[in-house]
Structure formats: structure tokens, C-alpha cells
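Listed below, chain by chain, are the residues.
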Amino acid sequence: MSMVTLAEIEAAIRNVPDFPKPGILFKDITPVLADGRLFSGAMDHLLAGVARADVDKVVGIDARGFIFAAAAAARLGCGFVPVRKKGKLPWQTHEESYDLEYGSATVAIHVDAVKPGERVLLLDDLLATGGTAAATVSLLHKLGAELVGIRFLIELAFLDGRRRLGTAPVRSMVTY
Ligand code: AMP
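The residue numbering used here restarts from 1 in each chain and proceeds along that chain's sequence as written. Local features in this predicted model are restricted to residues of pLDDT 70 or higher, and side-chain atom pairs are both shown and tallied only at a pLDDT of 80 or more, whereas totals for entire chains, interfaces and linings draw on every residue. Calculated side-chain values reflect all of the structure's heavy atoms, with hydrogen atoms and water omitted.

**Q** Can you lay out the pairing of strand β6 (residues 104-110) for me, pointing to particular residues and giving the numbers?
**A** Along β6, six of the seven residues are buried, which leaves the element largely enclosed by surrounding structure. Here two bridges tie strand β4 (residues 79-85) to β6, and the two strands are oriented antiparallel to one another. Paired with Lys85 across the bridge in β6 is Val107. When DSSP finds two or more bridges between two strands, those strands count as paired. Put simply, DSSP H or I for four residues or longer makes a helix, DSSP E for two residues or longer makes a strand, and each gets a number counted from the N terminus. Bridge count for strand β5 (residues 93-99) against β6 is seven bridges, and the pairing is antiparallel. Of the residues in β6, the one forming a bridge with Ser97 is Thr106. With a 1.4 Å probe rolled over the protein chains alone, any residue whose accessible area is under 20% of its type maximum counts as buried; one over 50% counts as exposed, and the rest are partly exposed.

Here it is, written out as C-alpha cells:
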């Protein structure tokens, strides 16, 4: 199979106007997922330069982040940890509230999901205002994680969400 280019991934992302609310241009990544070559190529780009030896846990954010973080963890051979919307995790949690591009929410993580000092790679599908990722970074700091990187498929750079994410290196594949 030939190398998947970022231009091919960008071309497969579907723009859906006014979803889930008027004025939001929703970036739909399901066409990337539905194409095996593009999905695998997207994972190659997402994990470029990341070695198994650098990461203990891959953390994914509810819900589309799970898709990429779980695939990444399986590829690297390290653990996967979900950060979920409030009320979904069954065990003891830490919680953090934040504002989103549309609405507000609270994210939660199991208190024992990451051990102090474990090296974490944080993945999500899309960086918009950065509220979701910043809340997740706070949760990871509460657990004493060492955040080695934060990566997104898509970054809405005009919203400047990355300024809220602290000092860990932030990378995204497709930027608008
Ligand atoms: P934010 O907290 O503003 O950075 O929002 C990021 C979260 O909301 C991500 O988990 C995305 O899945 C979702 N999201 C925000 N804006 C969009 C958009 N325009 N298209 C698709 N997903 C979005």
C-alpha cells in the first residue's frame, strides 16, 4: 500500500455545516475511519516519531478520541485510558469542568488509571477551543502523570486552543 498523504486525509474529512448547532462547521472524520488505507495512514501520521519506549499509557478523550487512542495503544503495545464525560466511569474519579465550542461539560478519569510518573500520550480527534483537552491535562496533572505529548488529527488553529494546553508538545495533522 502506498504512503497516505496528509492531503488525502484532509480531502476525506467531511465538512458538515450547522451541526450540531447553527454556525458550527462540523469536521466529520468517519470517512477517514471507513477507509482502511486512510485510517491506517492517519495512525502512521498521528504516531510519527513516537516509540513504544517513550510512552506508558495513551489517553483518549470521549468519544472520538477513543478510536484513535485505542488504535494507538494497540499499535504501540501500551495501555489505553479513557477520559469520559461525567457519570460514565464506574470507579472513583477525578472530575474537571470546562466550556466547549458548543455548550459545557465535565470530564472524568479513574483515580488509578495512570500511576504517578507514568508517561502519557494524549490523543483526540480535534482541537477547537482547547477546553476539553485543557481539562484533561488538569486531570492528568492531578494523577501525577508525565505528559509527553498531545496530538490531534485536526486543529482549528484560528481558535488558538493550544495556548491552553501547557508545556507538553502539541501536534496536529490537519490544520484549519
Ligand atoms: P474544544 O474543547 O473546544 O477544543 O472541543 C474539542 C472537542 O469537541 C473535541 O473532542 C471534538 O471532538 C469536538 N469538536 C469541537 N468542535 C468541533 C468541530 N467543529 N467539528 C468536530 N468536532 C468538534
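On we go.
**Q** Can you explain unusual backbone geometry? Please cite residues and give values.
**A** The step from Phe19 to Pro20 runs through a cis peptide bond, and the omega angle for that step is -5°. Relative to the elements of secondary structure, Pro20 occurs in the loop between β1 (14-17) and β2 (25-28). In this structure, the amide linkage connecting Asp62 to the following residue, Ala63, adopts the cis form with an omega of -5°. Positioned with a positive phi, Asp18 is a non-glycine residue whose angle comes to about 65°. Mapped onto the elements of the fold, Asp18 is located in the loop between β1 and β2. We classify Asp18 as partly exposed; its relative accessible area is 49%. Within the chain, Asp160 stands out as a residue other than glycine whose phi angle is a positive 55°. Mapped onto the fold, Asp160 is located in the loop between β8 (146-155) and β9 (170-175). Under the relative-accessibility criterion, Asp160 is labelled partly exposed at 37%.

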